[in-house]
Amino acid sequence: RLPTLSGQSDGAELRITPLQAALVAAAFTDGGKRPAPGLVLSVRTPQAGWVLLPLTSKSEAVSSSLSPQSLAVEELPIWQLIVSAPNQPSGNVTWYLGGTLPGWNGAPLGLAVLLEEADPQSAEAIGAGILKAALQP
């Protein structure tokens, strides 16, 4: 079964994969531009070294009523969202979605972390820790 990101107001469950959550974070970070999904961008071959693989789809525009600034973390150029939700039959999961804010001088970064337990503090420590490390020169 796919983990639940959050419940909807009508009681229905929203189920998504970690890759789908990462694409949401990437689009939210990059002003509504969702990148083409891909698990492998390059391979290392004995003959040619690193070879870039072609994308099988294109990026597309998406919209949201939220902005990254509404989820900004104080004193860091990142946004984050942490959600614990039921995941039947095994218990709970915790999602961390985060990324860089507009105005960040580097490449836009988006991140999704899924913990198979209700532990928002650990999810935040892991997700924010990864983003902080990525922001270092």
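Residues numbered from 1 in each chain as written. Predicted model: local features only at pLDDT ≥ 70, side-chain atom pairs only at ≥ 80, totals over all residues. Heavy atoms only, no water.

Across its full length, the chain carries two helices and nine strands. For the chain, the N- to C-terminal ordering of α and β elements is β-β-α-β-β-β-β-β-β-β-α. Buried residues in the chain amount to 28% of all 137 residues. Contacts in the chain between residues far apart in sequence, at least 24 positions, make up 45% of those at least 6 positions apart. Only carbon and sulfur atoms are counted for the fraction: they give 57% of the accessible area of the chain, which is about 8700 Å². (Helix = DSSP H or I, 4+ residues; strand = E, 2+ residues; numbered from the N terminus. Buried < 20%, exposed > 50% of the residue type's maximum accessible area, 1.4 Å probe, protein only. Contact = heavy atoms within 4.5 Å. Areas by Shrake-Rupley, 256 points an atom, 1.4 Å probe, with all protein chains shown as cover.)

Take the sheet that holds strand S8 (residues 91-100) next. Within the open sheet, the three strands sit side by side as S7-S8-S9. Their pairing is antiparallel. For this open sheet the edge positions go to strand S7 (78-87) and strand S9 (110-115), each flanked by a neighbour on one side alone. Strand-to-strand twist across the sheet, computed as the mean angle between neighbouring axes with direction ignored, equals 15°. Summarising the sheet, S8 and S9 pair through six bridges and their orientation is antiparallel. The residue of S9 that forms the bridge with Leu-97 is Ala-112. Set on the sheet, helix H1 (residues 18-29) makes contact with S7, S8 and S9; between it and S9 the angle comes to about 145°. Sheet contacts for helix H2 (residues 120-135): S7, S8 and S9; angle to S8, the most-contacted strand, approximately 25°. (Pairing = 2+ DSSP bridges. Axes fitted to C-alpha atoms, helices over the stretch in contact; angles between N-to-C directions.)

Here we come to a nonpolar patch on the surface. A surface patch of nonpolar side chains, about 480 Å² in accessible area, is lined by Leu-19, Leu-39, Val-40, Val-43, Val-51 and Leu-53. Residue placement: Leu-19 occurs in helix H1. (Patch = residues over 30% accessible without salt bridge, like charges linked within 9 Å, V, L, I, M, F, W, Y side chains within 5 Å. Salt bridge = Lys/Arg side-chain N within 4 Å of Asp/Glu carboxyl O.)

To continue, consider the pairing of S8. Buried residues dominate S8, accounting for eight of its ten residues. Both S7 and S8 contribute to a ladder of ten bridges, which runs antiparallel. Directly across from Val-83, in S8, lies its bridge partner Trp-95.

Another point: the side chain of Thr-94. Secondary-structure assignment places Thr-94 in strand S8. Side-chain polar atoms of Thr-94 contact the side chain of Ser-84, separated by 3.0 Å. Residues within four places of Thr-94 in sequence aside, it is in contact with Ile-82, Val-83, Ser-84, Val-113, Leu-114, Leu-115, Glu-117, Ala-118, Asp-119, Pro-120 and Ala-123. (Polar contact = N/O pair within 3.5 Å; in protein donor to acceptor, adjacent residues only side chain to side chain.)

A positive phi angle, near 65°, is found at Glu-75, a position not held by glycine. If you trace the backbone, Glu-75 turns up in the loop between strand S6 (60-61) and S7. When its relative accessible area of 80% is taken as the criterion, Glu-75 is described as exposed.

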